[in-house]
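Given next are the chains, with one letter for each unit.
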Amino acid sequence: MAENWFVAVKEIIFKKEKNSATTGFVYDEFYLLHHPGETHPEQPVRLESILKELKEKNLFSRLLHIKPSPAKIEWITEIHSPEYVREVKEICRSGQKYLHSPDTGISKESFNVALLAAGGVLEAIDAVMSGKVRNAFCAVRPPGHHALKNRAMGFCLFNNVAIGARYLQKKYNLKKILIVDWDVHHGNGTQDAFYDDPTVFFFSVHQYPFYLDSGASEEKGTGKGYGYNLNAPLPAGSGDEAYRKVFQDILKPKIIEFKPDFILISAGFDAHKDDPLGGMQLTPEGFAQMTAILKELAKNICNGRMVSVLEGGYDLEGLSISVSAHIAVLLGVRSQAVVKMTPDAVLVSRN
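1. Some details on the side chain of His-34
Next, step 1: Looking at the secondary structure, you find His-34 in the loop between strand S1 (23-26) and helix H2 (45-56).
Next, step 2: Here His-34 falls in the buried class, since its relative accessible area comes to 1%.
Next, step 3: Side chain to side chain, His-34 and Ser-110 meet in a polar contact 2.7 Å long.

As structure tokens, this is what we get:
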């Protein structure tokens with residue numbers, strides 16, 4: 001009886017999306033070849049756990065799989081200096097164990113993997129802009145939002161999302177890009193890249209005070225970019241309701257006012273309640289709520305155009321279930337029905 005009910009629930013959930021891949025998914029086994037060290041929290045198994053969960057929830061087969069290709073250096077240098085790019089290449093290939101600081105471990109393939117991570121984001125953008133998919137999730141590593149113009153830090157080599165924003169502007173002539181960063185750590189590298197730029201609105205909600213001496217609410221941009229940088233620092237222990245209020249009461253009015261042409265998400269999942277590197281209390285449903293708010297705004301403002309890029313998330317179960325919830329909403333399935341298959345959770349989102 002229970003098995004028959006489970007099958008029936010899945011039929012209800014996926015009926016609306018049958019035979020229509022509306023969400024792209026970027027992944028490549030080459031991403032597993034970046035090895036920051038045996039005891040480092042940013043391990044290849046992070047991506048393997050995500051894939052396993054998506055397959056178990058029957059989401060993997062519903063995604064349009066996008067094959068990444070390495071980003072051309074000309075796109076990397078839209079954000080990073082040519083000297084820094086050469087330095088990353090040389091130090092990785094020299095066999096050194098870390099770049100600039102011990103928290104950013106590297107291996108011989110790390111430079112090439114980082115190029116493929118940035119390139120995966122660009123391929124996802126191409127798929128959305130061409131109409132192949134409505135939105136996309138990029139299961140890439142190493143992460144990027146801490147990387148500065150001339151410096152690696154916080155596990156990050158190249159700033160994948162920042163590179164994507166400039167790619168949208170230069171290749172597709174889009175004028176206004178919104179970047180939303182919900183990683184538990186402040187996206188200092190992304191903030192720095194666009195701090196004086198009124199064409200890229202950067203928003204970060206994060207634990208504060210915490211790792212990095214940045215992310216205060218007073219940091220609003222400079223020059224013509226003043227007012228286009230918005231930080232929403234939250235105290236440790238904040239959970240779903242605090243994040244929902246930030247998105248509804250603070251971010252949503254700003255998005256409506258800014259009217260972006262495209263939305264990029266720095267999707268870190270280390271604000272999950274079980275993450276060893278964070279101190280927040282988000283649940284998978286909390287990540288789903290934030291995704292749903294952004295998806296609805298994207299639908300109304302920029303034709304649904306949105307690409308999400310993996311940043312942090314180091315508790316494997318919390319990471320994989322939260323990504324599954326996030327992707328379920330991108331696909332048009334109410335995440336709670338996927339995460340928790342119980343009768344009171346059988347809800348199909350409006351598409």
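2. Section: the pairing of strand S4 (residues 177-181)
Next, step 1: Of all 5 residues that make up S4, 5 are buried, and the element is covered over most of its length.
Next, step 2: Across the two faces of S4 the burial is the same, with Ile-177, Ile-179 and Asp-181 and Leu-178 and Val-180 all buried.
Next, step 3: Sheet topology places S4 next to strand S5 (residues 200-207); 5 bridges connect them, and they run parallel. Each residue of the ladder has a partner; that of Val-180, found in S5, is Phe-203.
Next, step 4: Between the parallel pair S4 and S5, the chain is carried across by helix H7 (residues 188-193), and the sense of this crossover is right-handed.

3. A look at the confidence of the model for the protein chain
Should the pLDDT be low somewhere, the predicted coordinates at that spot are not to be read in detail.
Next, step 1: When the pLDDT values of the protein chain are averaged, the result is 91; 89% of them are 70 or greater.
Next, step 2: Of the regions scoring below 50 in pLDDT, residues 1-19 engages in 32 contacts with residues more than four places distant in sequence or in other chains.
Next, step 3: Scored below 50 in pLDDT, residues 335-351 shows 49 contacts in the model against residues more than four places distant or in partner chains.

4. What to know about the pairing of strand S8 (residues 306-310)
Next, step 1: Extensive coverage of S8 is indicated by the burial of 5 of its 5 residues.
Next, step 2: Going residue by residue along S8, you find Met-306, Ser-308 and Leu-310 tucked away on one face and Val-307 and Val-309 tucked away on the opposite face as well.
Next, step 3: Strand direction decides the pairing type here: strand S3 (residues 135-138) and S8, joined by 4 bridges, are parallel. Each bridged residue has a counterpart across the sheet, and for Cys-138 the counterpart in S8 is Val-309.
Next, step 4: In this region the chain leaves strand S7 (residues 262-267), passes through helix H9 (residues 284-301) and returns to the parallel neighbour S8; the handedness of that crossover is right-handed.

5. Here we look at the pattern of salt bridges
Next, step 1: Counting across every chain of the model gives 12 salt bridges.
Next, step 2: In this structure, Arg-46 and Glu-42 form a salt bridge, with 2.8 Å as the shortest nitrogen-oxygen distance. Each of the two residues, Arg-46 as well as Glu-42, counts as buried.
Next, step 3: Several salt bridges converge on common partners, so that one network encompasses Glu-42, Arg-46 and Arg-141.

6. Quick word on the environment of Ala-271
Next, step 1: One can find Ala-271 in the loop between S7 and H9.
Next, step 2: A relative accessible area of 0% means that Ala-271 is categorised as buried.
Next, step 3: In the structure, Ala-271 is positioned 34 residues away from Gly-237 in sequence and 9.4 Å away in space, judged by C-alpha atoms.
Next, step 4: Each residue touching Ala-271, except ones within four places of it in the same chain, is listed here: Trp-182, Val-184, Tyr-243, Met-280, Gln-281, Leu-282 and Phe-287.

7. Structural notes on the packing of aromatic side chains
Next, step 1: If you walk through the whole model with that rule in mind, you get 16 aromatic pairs.
Next, step 2: Ring geometry for Phe-155 versus Tyr-314: centroids 5.7 Å apart, planes at 85°, classification edge-to-face. Note that Phe-155 is positioned in the loop between S3 and helix H6 (160-172) and Tyr-314 in the loop between S8 and helix H10 (316-331), a separation of 159 residues in sequence.
Next, step 3: When its relative accessible area of 11% is taken as the criterion, Tyr-314 is described as buried.
Next, step 4: Taking the centre distance of 5.5 Å and the plane angle of 50° together, the rings of Phe-201 and Phe-258 count as tilted. Remark: Phe-258 occurs in helix H8 (residues 240-258) and Phe-201 occurs in strand S5; sequence separation between them is 57 residues. As far as the burial class goes, Phe-201 and Phe-258 line up, both buried.
Next, step 5: Here a set of aromatic residues connected by ring pairs shows up, and it is made of Trp-182, Phe-203, Phe-247, Phe-269 and Phe-287.
Next, step 6: Above the face of the Phe-60 ring, Lys-55 is positioned so that its terminal group lies 4.9 Å from the ring centre.
Next, step 7: Over the aromatic face of Phe-258 sits the side chain of Lys-176, whose NZ or CZ is 5.3 Å from the ring centroid.

8. Some details on the sheet that holds S7
The strands that make up a sheet are held in pairs by hydrogen bonds between backbone atoms, and each pair lies either parallel or antiparallel.
Next, step 1: Pairing in this open sheet of 8 strands is parallel, and the strands run S2-S1-S3-S8-S7-S4-S5-S6 from one edge to the other. If you trace the sheet from one side to the other, it starts and ends with strand S2 (64-66) and strand S6 (229-234), each paired once. Between one strand axis and the next, the sheet turns through 15° on average, direction left out of account.
Next, step 2: The strands touched by H10 within the sheet are S1, S3, S7 and S8, with S3 carrying the most contacts at an inclination of about 165°.

9. As for the environment of Val-45
Next, step 1: Relative to the assigned elements, Val-45 resides in helix H2.
Next, step 2: Spatially, the C-alpha atoms of Val-45 and Leu-32 are 7.8 Å apart, while their sequence positions differ by 13 residues.

Calculation rules
Residues numbered from 1 in each chain as written. Predicted model: local features only at pLDDT ≥ 70, side-chain atom pairs only at ≥ 80, totals over all residues. Heavy atoms only, no water. Helix = DSSP H or I, 4+ residues; strand = E, 2+ residues; numbered from the N terminus. Buried < 20%, exposed > 50% of the residue type's maximum accessible area, 1.4 Å probe, protein only. Polar contact = N/O pair within 3.5 Å; in protein donor to acceptor, adjacent residues only side chain to side chain. Pairing = 2+ DSSP bridges. Right-handed = clockwise from strand over helix to strand, strands pointing away. pLDDT = per-residue confidence, 0-100. Contact = heavy atoms within 4.5 Å. Salt bridge = Lys/Arg side-chain N within 4 Å of Asp/Glu carboxyl O. Phe/Tyr/Trp six-rings, centres within 6.5 Å; stacked < 30°, edge-to-face > 60°. Lys NZ or Arg CZ within 6 Å of the ring centre and 35° of its normal. Axes fitted to C-alpha atoms, helices over the stretch in contact; angles between N-to-C directions.

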